[in-house]
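# Structure assessment
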Amino acid sequence: MWTSHSISPNWSVFRIKDRVSGLGYYNSMPSDINDEQRKSALNDPDVLRGGPVEQPLAKWPGLFPKNHPLVLVMTGNGKGKTTAALGVSMRAWGRGWTVLWLQFIKKKDSKYGETLAANRMGIPMEALGDGFTWLSEDIEHDKELAKAAWSRAAAIIQSGEYDLVVLDEITYPINYGWLAIDTVIDVIESRPKDVDIILTGRDASDELIQIADTVTEMNEIKHPYQVGVKAQPGIDY
C-alpha cells in the first residue's frame, strides 16, 4: 500500500509501506519470482497508481530564469546516454520546467522504469519506434515510424510549448539515413529561444557535435554483459 505525508502545502512524499501485488518488492523479495510474475506486476494498480506527483509549476516565477538555453548531446558506446538525459530531466522538472520525451527507437506501449516514473511525474514520454531496428523484419516500416516521430518532434520544438525536449536515440535514424541531418539541424537552430534540447544515441554526427553546446561521450570500460549478465530492471530499464 501507499502512504504519504505532507512536507509543504504543495508537495507530498510517497513511499511503499509493505508489499506491491503480493510480491514484496521492498520486503522479502521471493527468490523464485519468475518473468510472468514480473510482467503481471507491471499491470498492478499499485505500480501504475495514478499521478502525477505534484510539480510546482509557476511556484517560483522569475526565480530560475533561463540564462542560456542549450543543446546537449549524449553519445558514445558506453552505458549512460539515456540515463544522463533522465537525470537532467529530473533536475529540470524540479525547477518547474515542462519536459517532453520523444523516443525514436523504443517500442510503443513499452513499460520501462523511466516510463512509469515519468507518468507519475506528469512528464510525457512517447515511445514512437518499434524496438531494436537491427532485429526488424520490416525496415521500411521502421523508416516511416522514424519520419513520423521527427515530424512530431519538429512541431513540438517549434511550438515552444516545452522548456526541455529530449530526442532519445535520435542518432540512429539519422545515421541510417532515414532523417536528413540538415533538416534536424535547421529545426534545432531556429527553435524558440527558451527551448533546451537533449539528443542521445551512439555515433553522434560531426554536424550535431558542431551545433551542440555540451557533448558528452560515454566510453565503455567495463559492463556486466561482457560476463553474460543481462540488462537489469531498475538499472538498465
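What you are looking at is a predicted structure, and each value in this text was computed from that prediction instead of being measured.

Summing up its helical and strand segments, the protein chain has 7 helices and 8 strands in all. The proportion of buried residues among the 237 residues of the protein chain is 39%. Across the protein chain, the fraction of contacts at a sequence separation of at least 24, relative to all contacts at a separation of at least 6, is 74%. Total accessible area on the protein chain stands at roughly 13,800 Å², and carbon and sulfur atoms take up 51% of it.

Looking now at the packing of aromatic side chains. A full pass over the atoms with the stated rule returns 2 aromatic pairs. Ring geometry for Tyr112 and Tyr237: centres 6.3 Å apart, planes at 85°, overall edge-to-face. Of this pair, Tyr112 sits in the loop between strand S4 (99-107) and helix H3 (113-121) while Tyr237 sits in the segment after strand S8 (214-217); the two residues are 125 residues apart in sequence, bridging distant segments of the chain. Tyr112 sits in the partly exposed class, given a relative accessible area of 23%. It is Lys106 that lies over the ring of Tyr112; its NZ or CZ is 5.8 Å from the centre.

Residue pairs spaced three or four apart in an α-helix point in one direction, given the helix's 3.6 residues per turn. Within helix H6 (residues 181-189), burial applies to Ile181, Val184, Ile185, Val187 and Ile188. End-on view of H6: buried residues confined to an arc of 160°, all on one side of the axis. Within H6, the exposed residues directed more than 90 degrees away from the buried face are Asp182 and Glu189. The inward-facing, buried residues of H6 contact strand S3 (71-75), helix H4 (139-159), helix H5 (171-175), strand S7 (196-200) and helix H7 (206-211).

Closest axis-to-axis distance for the H4/H6 pair is 9 Å, and the angle between their directions is 20°. The orientation of H4 with respect to H6, classified from their angle, is roughly parallel. The interaxial crossing formed by H4 with H6 has left-handed handedness. On H6, the residues touching Trp150, Ala154, Ile157 and Gln158 of H4 are Thr183, Val184 and Val187. The residue makeup of the contact of H4 with H6, split by class, is 5 nonpolar, 2 polar and no charged.

We now examine the sheet that holds strand S5 (residues 125-129). In a beta sheet, neighbouring strands pair by backbone hydrogen bonds and run either parallel or antiparallel. On the basis of which strands lie adjacent, the open sheet formed by 6 strands has the order S5-S4-S6-S7-S3-S8 and parallel pairing. Of all the strands in the sheet, the pair left with one neighbour each is S5 and S8. On average, each strand axis in the sheet is tilted by 15° relative to the strand beside it, whichever way the strands run. Looking at chain direction, strand S6 (residues 164-168) and S7 are connected through 4 bridges and run parallel.

So, how was this worked out
Residues numbered from 1 in each chain as written. Predicted model: local features only at pLDDT ≥ 70, side-chain atom pairs only at ≥ 80, totals over all residues. Heavy atoms only, no water. Helix = DSSP H or I, 4+ residues; strand = E, 2+ residues; numbered from the N terminus. Buried < 20%, exposed > 50% of the residue type's maximum accessible area, 1.4 Å probe, protein only. Contact = heavy atoms within 4.5 Å. Areas by Shrake-Rupley, 256 points an atom, 1.4 Å probe, with all protein chains shown as cover. Phe/Tyr/Trp six-rings, centres within 6.5 Å; stacked < 30°, edge-to-face > 60°. Lys NZ or Arg CZ within 6 Å of the ring centre and 35° of its normal. Arc of directions from axis to C-beta. Axes fitted to C-alpha atoms, helices over the stretch in contact; angles between N-to-C directions. Parallel < 35°, antiparallel > 145°, perpendicular 65-115°, else oblique. Left-handed = near helix turned anticlockwise from the far one by under 90°. Nonpolar A, V, L, I, M, F, W, Y, C, P; charged D, E, K, R; others polar. Pairing = 2+ DSSP bridges.

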